[in-house]
Amino acid sequence: MTVEQAAATLEGQAVSCARMAAHRYADLLRRAADDVRAGGPCADVLAGYLDAPVDAVVPIRLLGGVHALVLTGRAPELAHFYPSAGGRQTPGDEAAAWEAFRAVVDSERETLRGWLRRPPQTNEVGRAHLLVAGLLHTLREVGDRPVRLFELGASAGLNLNADRFRIEATNFVWGPADSPVRLPDAWRGGAPEWLREAARAHPEVTVVERSGCDVAPLDPADDDGVLALRAYVWPEHTARAARLDGALELARRLPPPVAAIGAADFLTGIDPRPGTLTVVWHSVMRQYVPVEEWTRVLAELDRLGAAAGDDSPVAHLFFEPQPPDGRHFELRARLNGGPEHLLATAHPHGLPAWTR
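To start, this report covers the structure provided alongside it.

Rules used throughout
- Positions within a chain are numbered from 1, following the residues in the order the chain's sequence is written.
- Under the rules for a predicted model, residues below a pLDDT of 70 receive no local features and side-chain atom pairs below 80 are neither given nor counted, while totals for whole chains, interfaces and linings still include all residues.
- The basis for the side-chain values is all heavy atoms of the structure; hydrogens and waters are excluded.
- Numbering of helices and strands runs from the N terminus; a helix is a DSSP stretch of H or I covering at least four residues, while a strand is a stretch of E covering at least two.
- Under the rule applied, a polar contact is a pair of N or O atoms within 3.5 Å (in protein, one hydrogen donor and one hydrogen acceptor; residues adjacent in sequence only if both atoms are side-chain atoms).
- Note on contacts: a residue pair is in contact if any heavy atoms of the two residues lie within 4.5 Å.
- Relative accessibility thresholds used throughout: buried, under 20% of the residue-type maximum; exposed, over 50%; partly exposed, between the two (1.4 Å probe, protein chains only).
- We define a salt bridge as a contact between a side-chain nitrogen of Lys or Arg and a carboxyl oxygen of Asp or Glu at a distance within 4 Å.
- Here a strand pair is declared whenever DSSP counts at least two bridges between the two strands.
- Every axis in this analysis is a line fitted to C-alpha atoms, fitted for helices over the stretch in contact. Angles between the N-to-C directions lie between 0 and 180 degrees.
- Small angles under 35 degrees read as roughly parallel and large ones over 145 as roughly antiparallel, with 65 to 115 read as roughly perpendicular and the rest as oblique.
- For a helix, the expected span equals 1.5 Å multiplied by the number of residues minus one.
- By construction, the arc corresponds to the directions joining the helix axis to the C-beta atoms.

**Here's the deal with the side chain of Glu293**
(1) Moving on: By the element assignment, Glu293 lies in helix 13 (residues 291-307).
(2) Moving on: Reaching out from Glu293, the side chain makes a polar contact with the backbone nitrogen of Ala264 at a distance of 3.1 Å.
(3) Moving on: In contact with Glu293, other than residues within four places in its own chain, are Gly262, Ala263 and Ala264.

What follows is the structure, given as structure tokens:
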């Protein structure tokens, strides 16, 4: 990848950030692209990653590293412009914010190169309501039964507690009323009828087993792990940060186990179990898995589907960007190795969702 291609990647991410109401990041990325073309500090920090694929989201890694410095008090001048650190975002402050950002990149080059080596791990809590919707849809198909829940790319395991979140929409509520995690306005125009029916039939779910895997799991009780999770939440998105804090509180009290293992190897240890529904789910993690590894994952999912029975169903639920452009994020479900079914489309961070 040439310098121009790297700059174009930054500009492409800027477009995505603007589309998702992260205008501070959009502006910083556009200016960072110019800095790369001019051979500035952004070019130096990114020099070893000019050939990284777009799916590696190197711009987000850079932004996350800078945000971590802000959150830990190592970038006080930039903190003035970050709402996540008590700062403000006002019209006309873009040039000053950029100068503070560029100064941080210039003075913290080695620290930021370290952040470029790690994949982003947002463990985005807003996506959990889609996974729950897929679970309720599946229970409607197979009947009420205990659930065994397994997550691929679980990061800190926050979304393994999704059944303990409170989900709300105009015509819909589900989950504990006292949950520290509230997901309001989950559905544009209200939840679909199939979900309302499924929720009425299953006001609660019984999860008898829950665990996940991640090649580099984060500990929700560890300061470094918490910092990584918070750093990848965009500083303007204070509602997302509040949801994350609630999920961290829940995970500290009820921590699901997350094994430090690849997704394919994790699945080899799972088999259907009579009398239960086995669920494998994941959200916006597939792009970080090498092609060879994902081929093995699909083979394991096919094995599980083939081994499923009427008394031991297996569901694969996933919320992922869909080809060809990767800009459409869809919730899909597959039961017992059968065909995929599109259940909903949603904002990349999960809220809101809608049906066609």
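**Details of the environment of Thr206**
(1) Moving on: Mapped onto the secondary structure, Thr206 falls in the loop between helix 9 (193-201) and strand 5 (207-214).
(2) Moving on: When its relative accessible area of 51% is taken as the criterion, Thr206 is described as exposed.
(3) Moving on: It is 29 Å that separates the C-alpha atoms of Thr206 and Gly225, two residues lying 19 residues apart in sequence.
(4) Moving on: Apart from residues no more than four positions distant in its own chain, Thr206 is found in contact with Arg145, Pro146 and Val147.

**Overview of the pattern of salt bridges**
(1) Moving on: Scanning the entire structure with this criterion turns up 30 salt bridges.
(2) Moving on: The salt bridge involving Arg31 is made with Asp27; its shortest N-O contact spans 2.8 Å. Of the two residues, Arg31 and Asp27 both sit in helix 2 (residues 23-37), four residues apart, roughly one turn of that helix.

**A look at the sheet that holds strand 4 (residues 182-183)**
(1) Moving on: Spatially, 3-2-4 is the arrangement adopted by the three strands of the open sheet, whose pairing is mixed. Because the sheet does not close on itself, it has two edges, and the strands there are strand 3 (172-174) and strand 4.
(2) Moving on: One ladder, built from three bridges, connects strand 2 (residues 166-169) with strand 3; its direction is antiparallel. By the bridge assignment, Glu168 is partnered in strand 3 with Val173.

**Description of the packing of helix 8 (residues 128-142) against helix 9**
(1) Moving on: Helix 9 packs onto helix 8 with a crossing angle of 70 degrees between their chain directions and a minimal axis gap of 9 Å. What the angle tells us is that helix 8 and helix 9 run roughly perpendicular. Side by side, helix 8 and helix 9 meet where Ala133, Leu136, His137 and Arg140 of the first sit next to Trp194, Leu195, Glu197, Ala198 and Ala199 of the second.

**Considerations on helix 6 (residues 94-107)**
(1) Moving on: When the terminal C-alpha atoms of helix 6 are compared, their 20 Å separation across 14 residues agrees well with the 20 Å that a helix rising 1.5 Å per residue should span.
(2) Moving on: Those residues of helix 6 not exposed but buried are Ala97, Trp98, Ala100, Phe101, Val104 and Val105. With its buried residues spanning 165 degrees around the axis, helix 6 presents them on a single face.
(3) Moving on: Buried residues belonging to helix 6 abut helix 2, helix 3 (41-46), helix 4 (58-71), helix 5 (76-79) and helix 7 (109-116).

**Some remarks on unusual backbone geometry**
(1) Moving on: The omega torsion across Leu351 and Pro352 is 0 degrees, close enough to zero to call that bond cis.
(2) Moving on: Backbone geometry at Asp185 places phi at a positive 50 degrees, although glycine is not the residue there.
(3) Moving on: Structurally, Asp185 can be placed in the loop between strand 4 and helix 9.
(4) Moving on: Judged by relative accessible area, which is 59%, Asp185 ranks as exposed.
(5) Moving on: You will see that Asn336, though not glycine, has its phi angle at about 55 degrees, which is positive.
(6) Moving on: Note that Asn336 resides in the loop between strand 9 (328-335) and strand 10 (341-346).

Read these as layout, nothing more, since geometry by itself doesn't imply function.
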